[in-house]
Amino acid sequence: MKANKPFLFVLGTRPEGIKLLPIVWEFQKRKIPFELLHTRQHAELLDTLLEKHGIFPNYRLAPHPPALIAAKSSMLSQTESMLDADRFSALIVQGDTLSALCGAEYGFFHQIPVVHIEAGMRTYHKDNPYPEEIFRQTISRISRLHFCPSEDEAKNLAAEGVSAEHIFTVGNPFADYWQALPQPDVAPKKQVLITLHRRENLPFLEKIFEAIAELARELCELEFLFPLHPNPTIVTQAKEQLTGISNLRLTGALPPEEFYRELHASEMVLTDSGGVQEECIFLGKKVLVVRKISERRTDFPFSSLVDPENGKLREEFFALRKKQIPDAPCDYYGRGGASEKIVEVLAREI
Ligand code: UDP
């Protein structure tokens, strides 16, 4: 370690928490100084997670207005007034959220080296995922060190001209998060687990929910469990179209451990979430990804991609359900140890 100043973690959502906590634990283990800024992008979901693990942010922004531009300027200006940029040796962000973008821009303006976890994911479609594709491309332009979950992301960055000595393929730290917790001991259920939250899927919600309702009514031997993301449009629309179906249960967002237990137990998953897609890849769980395009691979024997607009959700669901899948675990994101590798590099490079 060349620097004695603390690292700053910037995060504001539950998936950032799940992927950054194992790195925080590794810092604690090695007694490397760090501080943590909670941007409050999704305050409650992240609060619950951090509190559960006894991690208390050093800095906590006030809530932001919902609209993107207003939220971004509120996040950046609050960060600027709250932090003393000279305190930090480097700044760590994860993924493609508004919090990650603002963290990276704060680092850029103050010339603090930025470290990007889960770097290099791309669709190369600027409207899909919106606004995340441009957020993560911007973060890559700013970052000094890029930690990629698989060789596919490392190749993207190399093709964009990022120097090879700054790209590290380490696997995805979500695997470390789950491996650090007691392994779920659950009997398989005849259950389909559903999550949907993407902004670019909102125009197709009615169509997606129609297909889900049809599947649930047709497949009465299966239970459909749908924990709802707190986005009010999703909650209202789901309640309108999906209540009163006896084998379909709507709940609030589940705490991560409970969600992961349900994921383990389920026969199939239908989702537009990147994190859930990754967890299915890690577990070799059948997953139907409801998106026009994905930055993550969907050509595993147990996964497929369905365009929410083309009316083929039901057909793709049945095709995937029929598939025989290998039992062997899938090593695409490694089998753990990403956080240790990341911190080893940071201790050497910063
Ligand atoms: N998750 C959770 N409770 C839920 C739904 C998801 O804890 O009710 C977890 C899930 O296991 C995964 C992460 O949240 O680790 C994914 O977050 P989300 O779908 O919000 O975002 P994305 O990964 O698409 O950015």
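For the structure, see preceding data.
Let us look at the structure shown here. Keep in mind that what you see is a predicted model, and the values were worked out from it rather than measured.

**A word on the layout of surface pockets**
The calculated volume of the second largest pocket comes to roughly 150 Å³. Leu 283, Gly 284, Lys 286, Lys 323, Gln 324, Ile 325, Pro 326, Asp 327, Ala 328 and Pro 329 are the residues that line the second largest pocket. Classifying every residue of the lining of the second largest pocket gives five nonpolar, two polar and three charged.

**Description of the side chain of Thr 271**
Here Thr 271 lies in strand 11 (residues 268-271). Within the structure, the side chain of Thr 271 is placed 2.6 Å from the side chain of Thr 195, a separation counted as a polar contact. When near neighbours in sequence (up to four residues on either side) are disregarded, Thr 271 contacts Thr 195, Leu 196, Val 276, Gln 277, Val 287, Leu 288, Val 289 and Val 290.

**Points about the site of the ligand**
Neighbouring the ligand are 15 residues, the closest being His 197, Leu 254, Ser 273, Gly 275 and Glu 279. Within the side chain of Ser 273, an N or O atom sits 2.7 Å from an oxygen atom of the ligand. The contact in question runs from an oxygen atom of the ligand to an N or O atom on the backbone of Gly 275, over 2.6 Å. Here the ligand loses 91% of its free accessible area of 550 Å² to cover by the protein chains. For the shell around the ligand, the secondary-structure elements that each account for two or more residues are helix 1 (14-30), helix 10 (256-265) and helix 11 (274-283).

**Re the side chain of Ser 303**
Within the secondary structure layout, Ser 303 lies in strand 13 (residues 303-306). Owing to a relative accessible area of 3%, Ser 303 belongs among the buried residues under this scheme. Of note is the side chain of Ser 303, whose polar atom sits 3.0 Å from the backbone oxygen of Thr 298. Not counting residues within four places of it along the chain, the set of residues in contact with Ser 303 comprises Val 287, Thr 298 and Leu 320.

**Describing the packing of aromatic side chains**
Aromatic ring pairs are described here by two measures, namely the spacing of the ring centres and the angle between the planes. In the structure shown here, the tally under the stated rule is 18 aromatic pairs. Aromatic side chains Phe 27 and Phe 34 sit 6.0 Å apart centroid to centroid with 90° between the ring planes, which places their arrangement in the edge-to-face category. Residue Phe 34 is classed as partly exposed on the basis of its relative accessible area of 21%. Each ring, one from Phe 147 and one from Phe 168, has its centre 5.2 Å from the other, and the planes form 25°; the classification is stacked. With Phe 147 in strand 6 (residues 145-148) and Phe 168 in strand 7 (residues 167-169), this residue pair connects regions lying 21 residues apart in the sequence. Residues Phe 147 and Phe 168 agree in their burial class; the two are buried. The structure contains a cluster of three or more aromatic residues connected by ring pairs, namely Phe 174, Phe 282, Phe 300, Phe 302, Tyr 332 and Tyr 333. Sitting over the face of the ring of Phe 300, Arg 297 holds its NZ or CZ atom 4.5 Å from the ring centroid.

**Considering the pattern of salt bridges**
Counted under the stated rule, the structure contains 31 salt bridges. Ionic pairing is found between Glu 344 and Arg 30, a salt bridge with its closest N-O pair at 3.6 Å. In this pair, Glu 344 is assigned in helix 13 (residues 338-349) and Arg 30 in helix 1, connecting sequence segments 314 residues apart. Its relative accessible area of 41% is what places Glu 344 among the partly exposed residues. Exposure remark for Arg 30: the relative accessible area of 32% places this residue in the partly exposed category.

**A short note on the packing of helix 1 against helix 13**
Interaxial distance between helix 1 and helix 13 falls to 9 Å at its minimum, and their mutual angle equals 55°. It follows that helix 1 is oblique to helix 13 by the angle criterion. With respect to the hand of their crossing, helix 1 and helix 13 are arranged in right-handed fashion. Counted together, Pro 22, Ile 23, Glu 26, Phe 27 and Arg 30 of helix 1 and Ser 339, Glu 340, Ile 342, Val 343, Glu 344 and Leu 346 of helix 13 form the full contact between these two elements. Looking at the contact of helix 1 with helix 13, its residues break down into six nonpolar, one polar and four charged.

**Quick notes on the sheet that holds strand 11**
Within a sheet, each strand pairs with its neighbour through backbone hydrogen bonds, oriented either parallel or antiparallel. In spatial order, the strands read 10-9-8-11-12-13; together these six strands make up an open sheet with parallel pairing. In the strand order of this sheet, the two ends are held by strand 10 (248-252) and strand 13, each with one partner. Put simply, the sheet's adjacent strands are angled 20° from each other on average, direction ignored. With four bridges joining them, strand 8 (residues 191-195) and strand 11 adopt parallel strand pairing. Each bridged residue has a counterpart across the sheet, and for Leu 193 the counterpart in strand 11 is Val 269. Sheet contacts for helix 10: strand 8, strand 9 (223-228) and strand 11; angle to strand 8, the most-contacted strand, approximately 135°. Against the sheet, helix 12 (residues 313-322) engages strand 8, strand 11, strand 12 (286-290) and strand 13, with an angle of about 160° to strand 12.

Thresholds applied
- Residues numbered from 1 in each chain as written.
- Predicted model: local features only at pLDDT ≥ 70, side-chain atom pairs only at ≥ 80, totals over all residues.
- Heavy atoms only, no water.
- 1 Å grid on protein atoms, 1.4 Å probe; cavity = no way out; pocket = protein on both sides within 12 Å on 5 of 7 lines; lining within 4 Å.
- Points joined across faces, edges and corners; volume = space filled by probe spheres on them.
- Nonpolar A, V, L, I, M, F, W, Y, C, P; charged D, E, K, R; others polar.
- Helix = DSSP H or I, 4+ residues; strand = E, 2+ residues; numbered from the N terminus.
- Polar contact = N/O pair within 3.5 Å; in protein donor to acceptor, adjacent residues only side chain to side chain.
- Contact = heavy atoms within 4.5 Å.
- Near = heavy atom within 4 Å.
- Areas by Shrake-Rupley, 256 points an atom, 1.4 Å probe, with all protein chains shown as cover.
- Buried < 20%, exposed > 50% of the residue type's maximum accessible area, 1.4 Å probe, protein only.
- Phe/Tyr/Trp six-rings, centres within 6.5 Å; stacked < 30°, edge-to-face > 60°.
- Lys NZ or Arg CZ within 6 Å of the ring centre and 35° of its normal.
- Salt bridge = Lys/Arg side-chain N within 4 Å of Asp/Glu carboxyl O.
- Axes fitted to C-alpha atoms, helices over the stretch in contact; angles between N-to-C directions.
- Parallel < 35°, antiparallel > 145°, perpendicular 65-115°, else oblique.
- Left-handed = near helix turned anticlockwise from the far one by under 90°.
- Pairing = 2+ DSSP bridges.

These results come straight from atomic positions and should not be treated as a statement about function.
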